[in-house]
Amino acid sequence: MFLTDLTWPMVRDLDRGIPVVIPIAAVEQHGRHLPLATDSLLLAEVVRRAEPRVADGALFAPLQWLGNSHHHIDFPGTMSASPRVYIDLLQDLAETFLRHGFTRILFLNGHGGNVIPAKQAIFEMRQRLRDRSDLVLLFTSYWNLANPQDGRLTQPEIGHAGEWETSMILRIAPHLVAEDPKGLKPVSPAFGFEPAYRGWTTRERSEIGHIGSPQVASEEKGERLLSAFAAGVATFLERMREQGGGDPA
Ligand SMILES: [Zn+2]
């Protein structure tokens, strides 16, 4: 169910152990061909498809469109909360639910730049609330909840405005694709210093903004990706419910 459809007494009466999903995305450049809202549109679509599968078994907060996108800030139109501000924002979002007694929070992510600050946000919260044995604070990106590889995808992972994201936008909002992706050149995802993690800005990896292979995108791939990810989200929420406190032992 969607939080924004409920009244406050309806929220008051919910089971406090219900998984609370906070979808987090971004508004940032997605190459010359995809809209700035790509990550928000795609995560909203994954949520829209997953929600009926879990029905009253999970509470979905509205999507937080502002993400940590400072690595894309050189490209006009990108909006971003700096990492420290974003960590505080996520903690405030989660704490509104904790204040009202909910105990299981999942940040469901749709943007790579949110990964590090969102993990930091829940790591800090857990240390601050270390005596609360009832809490389950989780983070995942939707693309980690399913493996859509079936031999027909070129990219091994989601990339940025490449095969996967372009395919999914072609599926849900083709009118927003500003340029035929078939005419675009692939951009390697390599950092150059693997296996080390390298601090980076998008501009130094991609002049044009995309990373990956948008030229092989298709609407049909987009449908397969979206349905795999929506099923993966629904399965994970079932697991959150069944696993209770989730004690790994
Ligand atoms: Zn994206």
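Just above sits the structure.
Note that the structure is a prediction, hence the values are computed from the model and not measured. (Residues numbered from 1 in each chain as written. Predicted model: local features only at pLDDT ≥ 70, side-chain atom pairs only at ≥ 80, totals over all residues. Heavy atoms only, no water.)

> Can you tell me about the pattern of salt bridges, naming the residues and giving the values?
For side chains of opposite charge, pairing can occur when their charged atoms come near one another. Across all of its chains, the model carries 16 salt bridges by this definition. Across the salt bridge formed by R49 and E45, the nearest N and O atoms sit 2.8 Å from each other. Of this pair, R49 and E45 both sit in helix 2 (residues 38-54), 4 residues apart, roughly one helical turn. Summarising the burial analysis for this pair, R49 and E45 share the class buried. Two residues, R171 and E219, come together in a salt bridge whose shortest N-O distance is 3.8 Å. Highlighted residues: R171 in helix 5 (residues 163-172) and E219 in helix 7 (residues 219-242), separated in sequence by 48 residues. A single salt-bridge network, built from bridges that share partners, covers E45, R48, R49, R171, E219 and E223. (Salt bridge = Lys/Arg side-chain N within 4 Å of Asp/Glu carboxyl O. Helix = DSSP H or I, 4+ residues; strand = E, 2+ residues; numbered from the N terminus. Buried < 20%, exposed > 50% of the residue type's maximum accessible area, 1.4 Å probe, protein only.)

> Help me get a handle on the packing of aromatic side chains, residues and values and all.
Each pair of aromatic rings is reported with the distance of its centres and the angle of its planes. Evaluation of the coordinates by the stated rule reveals 7 aromatic pairs. Here F2 and F60 contribute two aromatic rings whose centre-to-centre distance is 5.9 Å and whose plane-to-plane angle is 50°, an arrangement assigned as tilted. With F2 in the segment before helix 1 (8-12) and F60 in strand 2 (residues 59-60), this residue pair connects regions lying 58 residues apart in the sequence. Overall, F2 belongs to the partly exposed group, its relative accessible area being 29%. Since its relative accessible area comes to 1%, F60 is described here as buried. One aromatic cluster in this structure is built from Y142, W143, W164 and F229. The ring of W200 is capped by R205, whose NZ or CZ atom sits 4.4 Å from the centre of that ring. (Phe/Tyr/Trp six-rings, centres within 6.5 Å; stacked < 30°, edge-to-face > 60°. Lys NZ or Arg CZ within 6 Å of the ring centre and 35° of its normal.)

> Residue-level account of the sheet that holds strand 1 (residues 20-24), with values.
The 4 strands lie next to each other as 2-1-3-4, forming an open sheet whose pairing is parallel. Two strands bound the open sheet, and with one partner strand each, they are strand 2 and strand 4 (136-141). As judged from the 5 bridges shared by strand 1 and strand 3 (residues 104-109), these two strands associate in the parallel manner. Among the inter-strand pairings, V21 is bridged to a residue of strand 3, identified as L106. With respect to the sheet, helix 4 (residues 115-128) is in contact with strand 1, strand 3 and strand 4, its orientation differing from that of strand 4 by roughly 175°. Contacts from helix 7 reach strand 1, strand 2, strand 3 and strand 4, with the element oriented near 165° to strand 3. (Pairing = 2+ DSSP bridges. Contact = heavy atoms within 4.5 Å. Axes fitted to C-alpha atoms, helices over the stretch in contact; angles between N-to-C directions.)

> An account of unusual backbone geometry is needed here, citing residue identities and associated values.
Omega for the peptide link from E194 to P195 comes to 10°, which places this bond in the cis form. The residue P195 is located in the loop between helix 5 and helix 6 (202-205) in this model. For A55, which is not glycine, the phi torsion reads 45° and is therefore positive. Residue placement: A55 occurs in the loop between helix 2 and strand 2. For A55, a relative accessible area of 35% puts it in the partly exposed group. Positioned with a positive phi, A161 is a non-glycine residue whose angle comes to about 60°. Of note, A161 is situated in the loop between strand 4 and helix 5.

> Please give an account of the coordination of the zinc ion that cites residues and values.
Within the protein, the atoms that donate to the zinc ion are H30 (NE2), D39 (OD), E165 (OE) and E165 (OE), at distances of 1.9 to 2.6 Å. One can describe the donor arrangement at the zinc ion as irregular, given that its 4 donor atoms subtend angles of 53 to 130° at the metal. For the zinc ion, the single-chain donor residues occur in sequence as H-x8-D-x125-E. Of the two residues, H30 sits in the loop between strand 1 and helix 2 while E165 sits in helix 5, which places them 135 residues apart along the sequence. (Donors = N, O, S within 2.8 Å, 3.2 Å for Na, K, Ca; no water. Tetrahedral: all angles 85-135°; square planar, octahedral: opposite > 155°, others 65-115°.)

> With reference to specific residues and values, describe the layout of surface pockets.
Computed from the structure, the largest pocket encloses a volume of approximately 860 Å³. As for the largest pocket, its lining consists of 31 residues, of which G112, G113, V115, W143 and W200 are closest to the centre. Breaking the lining of the largest pocket down by element, the ones donating at least two residues are helix 4, strand 4 and helix 6. The leading source of residues in the lining of the largest pocket is helix 4, at 4 residues. Residues belonging to the lining of the largest pocket are distributed by class as follows: 12 nonpolar, 13 polar and 6 charged. (1 Å grid on protein atoms, 1.4 Å probe; cavity = no way out; pocket = protein on both sides within 12 Å on 5 of 7 lines; lining within 4 Å. Points joined across faces, edges and corners; volume = space filled by probe spheres on them. Nonpolar A, V, L, I, M, F, W, Y, C, P; charged D, E, K, R; others polar.)

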